[in-house]
Amino acid sequence: MPIATNEQYQEMLKKAKEGKYAFPAINITSLETLNASMAAFAEAETDGIIQVSTGGGKHATGPIGDMALGAEVLAEAAHTLAEKYSVLFALHTDHCHPSNLEPFLDPLLEASRKRIAAGKGPLFQSHMFDGSPVPMKENLDTSEKYLKLCAELNIILEIETGVVGGEEDGHDTSGVSADKLYTTPEDMCDAFERLDKIGPWMLAATFGNVHGVYKPGNVKLKPTILKDGQAAVKAKFKTSDNPLFLVFHGGSGSTLEEIHETLDYGVIKMNVDTDCQYAFSRPIADHFFKNYDGVLKVDGEVGNKKFYDPRGYLKAATGGMKDRIIQAVKDLRGEGKSILK
Ligand SMILES: [Zn+2]
């Protein structure tokens with residue numbers, strides 16, 4: 001199937017909210033991680049969200065180091081490969097801080113503009129603007145500006161209120177004050193008031209969630225923050241239940257109980273990056289330790305080509321990541337939920 005249209009993507013998100021399930025959003029940085037993601041969603045018979053971060057885009061261009069170009073290369077590969085699958089994929093870009101709007105989001109929107117002029121769909125189906133480093137007023141001003149630009153191109157915008165803790169992609173928020181890790185019902189109402197009339201959008205509302213994986217007990221999630229925010233928006237704007245489409249960042253390492261609670265409160269997308277990174281690397285470690293004298297030329301020997309051909313261990317890594325994504329789909333109650341079924 002071609003990559004999801006805007007209408008299909010909106011239907012995916014709407015059905016997920018009604019059915020109280022969510023899509024794992026998987027970060028890709030290479031063809032291997034893209035293939036792992038597509039294969040996993042297809043095997044789980046669900047549609048999926050595949051995303052590229054600024055660092056992932058940069059990585060994909062090697063010494064060129066161009067985050068937007070790398071995201072474009074990966075997205076174009078996804079558009080081509082998606083045709084061979086019978087489930088839908090939506091492409092998304094992860095955290096774009098205000099300082100990266102110019103080098104990352106602006107050129108990607110321009111690429112979508114060109115594709116649309118040529119009769120195609122947008123390059124990415126959603127983008128994230130992360131205004132958490134700036135004051136709320138400035139965050140919403142910029143979110144509003146970019147939601148307008150996105151809506152014109154049939155693209156959904158994800159924004160963030162509060163701050164996701166931890167460290168990801170070189171952005172370390174471990175120093176921010178603890179209260180910032182929990183968004184407020186007022187912030188969620190302000191975002192709804194400013195944005196909902198413009199076009200489809202998603203909200204990464206923070207509730208103590210952190211990027212990365214921590215030992216049990218170190219993360220104090222308060223999912224009721226999401227419930228309270230939904231209730232506040234419903235009361236103030238006379239909407240139906242769970243008016244907000246919520247995104248759960250830092251999903252790696254959360255308990256099933258915590259995850260399920262957030263689904264009841266309208267979470268429709270959960271970013272799972274760290275656990276997938278580990279699942280990709282683990283089989284490689286296994287391969288290298290088990291085949292030590294095959295992958296290395298030890299004591300004047302010549303090694304074993306079968307073991308140092310990167311295709312062998314990258315295939316194992318892709319399989320490890322695929323299995324972890326299928327687990328995430330099941331954890332999010334998403335199995336067998338493709339809208340095409
Ligand atoms: Zn995040």
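One structure accompanies this document, and this report is about it.

Rules behind the numbers
Residues numbered from 1 in each chain as written. Predicted model: local features only at pLDDT ≥ 70, side-chain atom pairs only at ≥ 80, totals over all residues. Helix = DSSP H or I, 4+ residues; strand = E, 2+ residues; numbered from the N terminus. Buried ≥ 20, exposed ≤ 12 C-beta atoms within 10 Å, placed from the backbone. Contact = placed C-beta atoms within 7 Å. Pairing = 2+ DSSP bridges. Core = buried A, V, L, I, M, F, W, Y, C linked by C-beta atoms within 7 Å. Expected span 1.5 Å × (residues − 1). Axes fitted to C-alpha atoms, helices over the stretch in contact; angles between N-to-C directions. Parallel < 35°, antiparallel > 145°, perpendicular 65-115°, else oblique. Left-handed = near helix turned anticlockwise from the far one by under 90°. Nonpolar A, V, L, I, M, F, W, Y, C, P; charged D, E, K, R; others polar.

## Focus: the overall build of the protein
Okay, step 1: Along its length, the protein carries 13 helices and 11 strands.
Okay, step 2: Over its C-alpha atoms, taken along the principal directions, the protein stretches across nearly 75 × 50 × 40 Å.
Okay, step 3: Within the protein, buried positions represent 48% of all 341 residues.
Okay, step 4: Intrachain contacts of the protein at a sequence separation of at least 6 include 72% that bridge at least 24 residues.

## Some words on unusual backbone geometry
Okay, step 1: Even without being a glycine, Glu-45 presents a positive backbone phi close to 50°.
Okay, step 2: Summarising the element assignment, Glu-45 is placed in the loop between helix H2 (31-43) and strand E2 (48-52).

## Quick notes on the environment of Gly-212
Okay, step 1: Residue placement: Gly-212 occurs in the loop between strand E9 (210-211) and helix H8 (224-237).
Okay, step 2: Accessibility expressed as a C-beta count within 10 Å gives 16 for Gly-212, which makes it partly exposed.
Okay, step 3: Here the alpha-carbon distance between Gly-212 and Asp-273, two residues 61 residues apart in the chain, equals 7.9 Å.
Okay, step 4: Setting aside residues no more than four positions away along its own chain, Gly-212 makes contact with Gly-166, Glu-167, Glu-168 and Thr-274.

## Focus: the pairing of strand E8 (residues 201-205)
Within a regular strand, side chains alternate between the sheet's two faces.
Okay, step 1: A large share of E8 lies buried, amounting to 5 of its 5 residues.
Okay, step 2: Along E8, one buried face is formed by Trp-201, Leu-203 and Ala-205 and the opposite face, lined by Met-202 and Ala-204, is buried too.
Okay, step 3: As paired elements, strand E5 (residues 156-161) and E8 share 5 bridges and run parallel to each other. Bridge pairing in E8 places Glu-158 opposite Met-202.

## Notes on the nonpolar core
Okay, step 1: Within the largest apolar cluster, 87 residues are counted, with the highest numbers of intra-cluster contacts made by Phe-89, Leu-203, Leu-246 and Val-267.
Okay, step 2: Take this core: its biggest share by element is 7 residues, from helix H4 (residues 67-82).
Okay, step 3: Setting aside anything within four residues of it in sequence, one finds Val-267 in contact with Ala-22, Leu-226, Leu-246, Val-247, Phe-248 and Thr-262.

## Considering the sheet that holds strand E6 (residues 165-168)
Okay, step 1: With mixed pairing, 3 strands are arranged side by side in an open sheet as E7-E6-E9. The open sheet is flanked by strand E7 (171-172) and E9, the only strands paired with a single partner.
Okay, step 2: One ladder, built from 2 bridges, connects E6 with E9; its direction is parallel. Paired with Gly-166 across the bridge in E9 is His-211.

## So, helix H13 (residues 310-331)
Helical geometry note: an α-helix holds 3.6 residues per turn, so side chains three or four residues apart project in the same direction.
Okay, step 1: In this model, H13 (22 residues) spans 31 Å end to end at C-alpha, consistent with the 32 Å of a helix rising 1.5 Å per residue.
Okay, step 2: Along H13, the residues that are buried comprise Ala-317, Thr-318, Gly-320, Met-321, Lys-322, Arg-324, Ile-325, Ala-328, Val-329 and Asp-331.
Okay, step 3: Buried residues belonging to H13 abut strand E1 (23-27), H2, helix H9 (256-264), strand E11 (267-272) and helix H10 (274-290).
Okay, step 4: Arg-333 sits one or two residues past H13 and shows a positive phi near 60°.

## Some words on the packing of H4 against helix H5 (residues 101-117)
Okay, step 1: Running from N to C, H4 and H5 point in directions that differ by 40°, and their axes come no closer than 8 Å. Classified by the angle their axes make, H4 and H5 are oblique. Helix-helix and strand crossings are classified by hand; for H4 and H5 the assignment is right-handed. Residues Met-67, Ala-68, Ala-71 and Glu-72 of H4 touch H5, and the partners they reach there are Pro-103, Phe-104, Pro-107, Leu-108 and Ala-111.
Okay, step 2: Each residue belonging to the contact of H4 with H5 can be placed in one class, and the counts come to 8 nonpolar, no polar and 1 charged.

## Focus: the packing of helix H6 (residues 136-152) against helix H7 (residues 185-195)
Okay, step 1: Running from N to C, H6 and H7 cross one another at 30°; their axes reach a closest spacing of 10 Å. When the interaxial angle is binned, H6 and H7 end up roughly parallel. Here H6 runs over H7; the crossing is right-handed. Two secondary-structure elements touch here, H6 through Met-136, Leu-140, Ser-143, Glu-144 and Leu-147 and H7 through Asp-187, Asp-190, Ala-191, Arg-194 and Leu-195.
Okay, step 2: Residue composition of the contact of H6 with H7, by class: 5 nonpolar, 1 polar and 4 charged.

## Side note on H5
Okay, step 1: An ideal rise of 1.5 Å per residue puts 24 Å on 17 residues; H5 measures up with 22 Å between its terminal C-alpha atoms.
Okay, step 2: Elements that come into contact with the buried residues of H5 comprise helix H3 (54-60), H4, strand E3 (89-93), strand E4 (126-129) and H6.
Okay, step 3: Looking one or two residues beyond H5, the residue adopting positive phi is Gly-119, at roughly 85°.

## Focus: the environment of Gln-230
Okay, step 1: Considering the arrangement of structural elements, one finds Gln-230 in helix H8.
Okay, step 2: Residue Gln-230 is classed as buried on the basis of its 22 C-beta neighbours within 10 Å.
Okay, step 3: Those residues in contact with Gln-230 that lie beyond four places of it in its chain are Asn-242, Pro-243, Leu-244, Tyr-265 and Gly-266.

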